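Observations on chain architecture
One letter stands for each residue in the lines below.
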Amino acid sequence: MTLSALLYLLQIYWPFLAIAFAIGVATGWYSLPESAGSEGKH
Amino acid sequence: MDATPHIIESALFLLVAFLLGCVVGYLARRIAASRAPALVPAADPVAAAEQPARSSESAVSADSVSPTPKGKAPRAGRKASVPGSSQRARKTVATSSGPADDLKKIRGIGPRLEANLQERGITHYDQIAKLTKKATSELDAELNLRGRIEREQWVEQAKALMKAGK
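So, a few notes on the structure that sits alongside this text. (Residues numbered from 1 in each chain as written. Chains lettered and ligands numbered in written order. Predicted model: local features only at pLDDT ≥ 70, side-chain atom pairs only at ≥ 80, totals over all residues. Heavy atoms only, no water.)

1. Regarding the pattern of salt bridges
Residue and element names in this part refer to chain B. To keep things clear, this is the line we draw: In the sections that follow, a salt bridge refers to a side-chain nitrogen of Lys or Arg positioned within 4 Å of a carboxyl oxygen of Asp or Glu. In this scheme, a residue with accessible area under 20% of its type's maximum is buried, one over 50% is exposed, and one in between is partly exposed, where area comes from a 1.4 Å probe on protein chains only. Strands are runs of DSSP state E lasting at least two residues, helices are runs of H or I lasting at least four, and both sets are numbered from the N terminus onward.
By the definition in use, this model includes 5 salt bridges over all chains. The partner of Lys 104 in a salt bridge is Asp 102, with the nearest N and O atoms 3.3 Å apart. Using a relative accessible area of 31% as the deciding quantity, one classes Asp 102 as partly exposed. Between Lys 104 and Glu 114 there is a salt bridge; the shortest N-O distance is 3.0 Å. Pair noted here: Lys 104 is in the loop between α3 (87-91) and α4 (111-119) and Glu 114 is in helix α4, with a separation of 10 residues, a long-range link. You can call Lys 104 partly exposed: its relative accessible area is 34%.

This is the structure:
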């Protein structure tokens, strides 16, 4: 895979990458438990 | 250039973007959680300096909570400095001095709940350890915890943490 191909993909698919990034941010944000214990799990 | 040969690469890109997002989201949450409690103690010295004469009145609701331990100068600042917290919740606890304890060590208390407790002037284990049944139920209702304070035995945990800290 060449650099030009990478750039092409970025150019074409950046909205999808942005969506994937946003989903990842949300996943990461809510993956953190309130505490090591059980807060919010009742 | 035809896009079809790059399906795998595209999928990898998406995966990388997702994982990157996960890391960023996780770190952002960690930072947000660690900053939230730090905001409350920062307001304390100012408020305490404004009301030095009232320090002897800081232990409120004698029927709910026993007074602050000897040797610890109580502070009136925290509970008066938070505009959003209710009067009732503020009356349920006595204030305490010194650097705030890490309430997250109590099982069931996380960053958000710790911040809520700090808004109500609860920053030390001894304040939780001294909660009476009445104060516990009031605080439980204020924070909409549905009985978790008793169920998770915060008072007992706080006492144990106090003991361990000595």
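2. What about the interface of chain A and chain B?
Heads up, the condition is: Any two residues whose heavy atoms approach within 4.5 Å at even a single point are treated as in contact. Polar contacts, as counted here, are pairs of nitrogen or oxygen atoms within 3.5 Å of one another; within protein the pair requires one atom able to donate a hydrogen and one able to accept it, and residues that are adjacent in sequence qualify only if both atoms are side-chain atoms. Ten residues, namely Ala, Val, Leu, Ile, Met, Phe, Trp, Tyr, Cys and Pro, are considered nonpolar, four, namely Asp, Glu, Lys and Arg, are considered charged, and the remaining ones, Gly among them, are considered polar.
With 28 residues of chain A in contact, the opposing surface of chain B contributes 31 residues. On inspection of chain A and its partner chain B, the count reaches 0 salt bridges. On inspection of chain A and its partner chain B, the count reaches 3 residue pairs in polar contact (both at pLDDT 80 or more). Residues belonging to the side of chain A that touches chain B are distributed by class as follows: 16 nonpolar, 10 polar and 2 charged.

3. Thoughts on a nonpolar patch on the surface
To be explicit about the condition: Here, patches come from residues exposed beyond 30% relative accessible area and free of salt bridges, joined within 9 Å for like charges and within 5 Å for nonpolar side chains (Val, Leu, Ile, Met, Phe, Trp, Tyr). Per-residue and other accessible areas follow the Shrake-Rupley method at a 1.4 Å probe size, with only the shown protein chains counted as cover for residues.
A surface patch of nonpolar side chains, about 370 Å² in accessible area, is lined by Phe 16, Ile 19 and Ile 23 of chain A together with Leu 14 of chain B. A per-element tally of the nonpolar patch places helix α1 (residues 3-31) of chain A first, with 3 residues. Tracing the chain through its elements places Leu 14 of chain B in helix α1 (residues 7-50). Residue classification places Leu 14 of chain B among the partly exposed positions, given a relative accessible area of 34%.

4. Observations regarding the packing of aromatic side chains
Residues and elements named next belong to chain A. Definition in use: Side-chain rings of Phe, Tyr and Trp (the six-membered ring for Trp) are treated as a pair once their centres are within 6.5 Å; stacked means planes under 30 degrees apart, edge-to-face means over 60, and tilted covers the remaining angles.
Under the counting rule described, the total for this entry stands at 1 aromatic pair over all chains. Ring centres of Tyr 13 and Phe 16 lie 6.0 Å apart, and the angle between their planes is 55 degrees; this geometry places the pair in the tilted category. Within this pair, Tyr 13 and its partner Phe 16 are both found in helix α1, separated by 3 residues, close to a single helical turn. Accessibility expressed as a relative area gives 24% for Tyr 13, which makes it partly exposed.

5. Digging into the nonpolar core
Stated formally: Definition of nonpolar core: a set of buried residues of the types Ala, Val, Leu, Ile, Met, Phe, Trp, Tyr and Cys, connected through side-chain atoms within 4.5 Å.
Formed by 18 residues in total, the largest nonpolar core has its most connected members in Leu 103, Ile 106, Ile 109, Leu 117, Ile 128, Leu 139 and Trp 154 of chain B. Other than its neighbours up to four places away in sequence, Leu 139 of chain B contacts Leu 117, Arg 120, Ile 122, Leu 131 and Ile 149 of chain B.

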